[in-house]
Amino acid sequence: MWDDAFPSFLIGLREGLEAGLIVSILVATLVRAEARSRLPQVWTGVLAAVAVAMSFGAVLTFTAASMPQTAQEAFGGTLSVIAVAFVTAMVFWMRRSARNLSGELKEKVTGALAMGSGVLILTSFLAVGREGLETALFLWTTARAAGESAGPLTGAGIGLVLAAALCWGLYRRVLKINLTKFFTATGAVLIVIAAGVLGYGLRDLQEGGVLPGKAAFAVDLAGSVDAGSWYSTLVQGVFNLTPTMTWLQVVAYVGYLAVVMTLFVRGVRATAPGPAKESPAAGPKAARPERRRPVWVLPAAVVAVPVVIAGLVVALARPKPAGDQTVAVSETECGKGFTAPERGRQTFQMHNTGGKTSEVYLVDPSTGAVYGEIEGLAPGTTRDLVATVAGGTYAWRCVPTGGKAVTSKPVTVSGGGAAKPVVPVSEQDLAAPLKAYKAYVEQGLATLVSQTHTLDDDIEHGHLDKARTAWLTAHRTYASLGAAYGTFEDYDQKIDGRADGLPDGERDKDFTGFLRIEYGLWHGQSAKDLTAPARQLAADAAGLQKAFPSQDFDPGDLPLRAHEVLENTLQFELTGDTDEGSGTGLATADANLAGTRELLTVLKPLLTTRAPRLLPTVDTDIARLQKLLDAAHHGSDWTPVDRLAAADKQRLDGATGQLLEDLAPVPDLLEIRKSA
C-alpha cells in the first residue's frame, strides 16, 4: 500500500503546505491589522474552496464509473494528462513565487478590507481553491492508477495532516523551514512522478482507442521481471513504470523528464535569493456597516452550493437506470416490457412470469453474442441482470427448462460505445478441442501404465532408490492429465487419493495409489510393505486406460479445468498439503502447469476469436511461473516447498495467483449456453 501512498503523500504535503501558508498569511495579516472580526470571512472562503475541491472529486469519480470501459480509459487518460499539466505549472509557479507570496497576499488582503466581506471571502477562496482543485485532480488520477488500493487516500491524508501541523508551527513561530529549498526538492520529485503519470495516462488513451500504438511495445520485461515482487511494486506504485510499456509511453516519459527537469534545474540556478517583497503597511479603510445575518448562513451556503451542483452533474451524467423496466420471462412473454435502454452500465429486473425455470440471455440477435445472462430463474422470482449497453441491436432470449428458446422483438440503441458481448459456444464448437485433448490423455495413460509397471518392478526387486525416481516420473505423468480428473470417476481416488478423512490416516487399508507409495518410500518402509500398493497402482492405471475411451468426458469440463487445475495446485501443492515425504510438490506443480498449457493449446482457436489479448497475457504469466519453478529444480532434485526462502515462496504464490486471475475469464468465455 505504501508504494501507492507515496505520490499522494507528497502531493498532499506540498499542496497542503501551499494552501496552509496562504491561509496563515491571510490570518496573520488580519490579526496585525487588528481586524480579527473579519477572520470568519477568510474561513468561509477556505471552506468554500474545500467544498468545491471535494465536489469536483466526486464528479470525476461518479461520472467515470458510469461510462463504458473504453470511455473510462479515454476519460481517465485525458484527466491524467491534464493533471500532469497542472502539477508542472504548480511546481514552476511556486518556485518563482515562494519568496514574494507573503507580500502579494498582504496587498490583496489590505485591498479587500476596504471593499467588504464578499471580496475578502473571494480572495481566500481563490487563493486556496487552486490548490484544492489541483489536489483533487491529481489524487483522483493516482487513486485510479492504484486500483482498489487504499494507499493514495491514506498517503494524501497523512500529507495533509503533516502540512497542517507544519503550517501551525510556522504561524506560531515554533518552526523554521527554508521553504525555497523545500519547494525545490519536492518539485524535482514531483516532476519524476508526473512523468510516470503522463505515461500511465497515455496508455489509458491507447487502451481507449484515442491514440494508436497500444500493441507497439518498446519494453516488455514481463517474462523476466516478477510483477509481484516488492521492488517491482514499489517502482510501479511510485513512478508508474510497468514491465511492459509502449513506444509512446517511453518517448513521452523520457521527453517530459528531460525537458521539464532541465528547465526546472536551470530556473533554480538562475533565481538569485532576495528578500521577500512586502507592501508598505497600510491600515484598512473604514468599511461600510454590513447587515447582520446568522453566522451559520454563509458557511452553510458555500458548502451546499457546490455539493448540490456536483449532485446535479452526477445525476445528469449517469445514464438513466434500466432497472425501472421489469422484463418478463416465460415461454410466451420473453422480453415483454423491454424498451430501448440508455447507453452505459444498466440493471434490468427480470421477472419469470411462466411456470418453468428459465435461462435468460441479453443477446445480439444477428450473431447470438451474449451481453448478460441469468441462469436458473425460477417461476415467480425476480433477479437483476447487469450489462453494459452501447450502440447496437439487443433482444432477450429465454430458454425454459424442457422447452424451446424464445427470442424477443429486437430494439436498437443509437450512438457509439464499446460493449463486448461473448460469442456463445456450443458442444459442436468444443468437439474438436475435446477430441484433441482426449487423444493427449490416451497417450498419457499409455505412458502412465508403462511407468507404473516400472515402479512395481523396482519395488518388487527391492531397488527402492530407483523406485523413488520411477515414482516421481510416473506421478508427474499422471499430474499432467489433470484436466480429465473429473472423467476418471473412482480411478482418481484410487490412483491419487489423499489420506485425509481415513480413520487410520496414512496407515489405513483404503489409502492407495501414488501418495500411499510416496509415504512408504520416504518413511523407511520395506519393499515387502510396498509390493502390494505398487501392484495395485499398476493395476488401477491399466484399468483406467481401458475404461477411459468409454467414460463420459463432458466438453464443458475443458474450460473449467483451465482454471481449476492451477487453483488446486495453489491450494495443495504450493502449501505442501499433499506432500507425503518426498518434498516434490513443486515437481507436481510443474506437471500441472504442463497439463494446463496443453489444455490452452487445444482451446486456443476458440479463445483467440473471443478474447484475442487473453492468451498473450496468459503466456507471459506461464513463462514467469515456469521460470520460478525451474529455479527450484536442480538436476533430479526439487526444492521442497517448506524449504523455499520466504521471498521465493511469495514470488511463486504471486505468479500463480496472477495466472489464475488472468485465466478466470476462460470458463465464462467458453461456457456452453442453452439455445433450445
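Scroll up for the structure.
Report on the accompanying structure. As the structure is a computational prediction, the values presented were derived from the model and not from experiment.

### Remarks on the packing of helix 12 (residues 464–479) against helix 14 (residues 514–521)
Alright, step 1. Between helix 12 and helix 14, whose axes approach to 11 Å, the crossing angle comes to 155 degrees. The orientation of helix 12 relative to helix 14 falls into the category roughly antiparallel. Handedness of the crossing formed by helix 12 with helix 14: left-handed. Between helix 12, through Leu464, Ala467, Arg468, Trp471, Ala474, His475 and Tyr478, and helix 14, the contact on the second element is made entirely by Phe514, Leu515, Ile517, Glu518 and Leu521.
Alright, step 2. When its residues are assigned to classes, the contact of helix 12 with helix 14 shows nine nonpolar, one polar and two charged.

### Details of a negative patch on the surface
Alright, step 1. Among the surface-exposed residues, Glu427, Glu489, Asp490, Asp552 and Asp554 lie close enough to one another that they form a single negatively charged patch.
Alright, step 2. When its relative accessible area of 38% is taken as the criterion, Asp554 is described as partly exposed.

### Regarding the packing of aromatic side chains
Two descriptors summarise a pair of aromatic rings, namely the distance from one centre to the other and the angle between the planes of the rings.
Alright, step 1. Applying the stated criterion to the full structure yields 13 aromatic pairs.
Alright, step 2. Centre to centre, the rings of Tyr371 and Tyr394 are 4.7 Å apart; their planes meet at 45 degrees, and the pair counts as tilted. Residue Tyr371 is located in strand 6 (residues 370–377), and its partner Tyr394 is located in strand 8 (residues 392–400); the two are separated by 23 residues in the primary sequence. One exposure class covers both Tyr371 and Tyr394, and it is buried.
Alright, step 3. Ring centres of Tyr478 and Phe488 lie 6.0 Å apart, and the angle between their planes is 40 degrees; on these two criteria the pair is classed as tilted. Taken as a pair, Tyr478 in helix 12 and Phe488 in the loop between helix 12 and helix 13 (490–496) lie far apart in primary sequence, 10 residues in all. In this pair, the class of Tyr478 matches that of Phe488, namely buried.
Alright, step 4. The rings of Tyr437, Tyr440, Trp471, Tyr478, Phe488, Phe514, Trp522, Phe548 and Phe553 are connected pair by pair, giving a single aromatic cluster.
Alright, step 5. A cation over a ring is seen here: Arg468 above Trp522, with NZ or CZ 5.9 Å from the ring centre.

### Some points on the pattern of salt bridges
Alright, step 1. Throughout the structure, instances matching the rule amount to 11 salt bridges.
Alright, step 2. Residue Asp510 is joined to Lys509 by a salt bridge in which the shortest nitrogen-to-oxygen separation is 3.5 Å.
Alright, step 3. Measuring nitrogen to oxygen at the nearest pair gives 3.2 Å for the salt bridge that ties Arg624 to Asp621. One end of the pair is Arg624 and the other is Asp621, both in helix 18 (residues 614–631) and three residues apart, which spans about a single turn.
Alright, step 4. With a relative accessible area of 3%, Asp621 lands in the buried category.
Alright, step 5. When salt bridges with common partners are traced through the structure, they connect Arg498, Asp500 and Asp577 into a single cluster.

Reading the values: rules and limits
Residues numbered from 1 in each chain as written. Predicted model: local features only at pLDDT ≥ 70, side-chain atom pairs only at ≥ 80, totals over all residues. Heavy atoms only, no water. Axes fitted to C-alpha atoms, helices over the stretch in contact; angles between N-to-C directions. Helix = DSSP H or I, 4+ residues; strand = E, 2+ residues; numbered from the N terminus. Parallel < 35°, antiparallel > 145°, perpendicular 65-115°, else oblique. Left-handed = near helix turned anticlockwise from the far one by under 90°. Contact = heavy atoms within 4.5 Å. Nonpolar A, V, L, I, M, F, W, Y, C, P; charged D, E, K, R; others polar. Patch = residues over 30% accessible without salt bridge, like charges linked within 9 Å, V, L, I, M, F, W, Y side chains within 5 Å. Areas by Shrake-Rupley, 256 points an atom, 1.4 Å probe, with all protein chains shown as cover. Salt bridge = Lys/Arg side-chain N within 4 Å of Asp/Glu carboxyl O. Lys, Arg positive; Asp, Glu negative; His and termini not counted. Charge placed at Lys NZ, Arg CZ, Asp CG, Glu CD. Buried < 20%, exposed > 50% of the residue type's maximum accessible area, 1.4 Å probe, protein only. Phe/Tyr/Trp six-rings, centres within 6.5 Å; stacked < 30°, edge-to-face > 60°. Lys NZ or Arg CZ within 6 Å of the ring centre and 35° of its normal.

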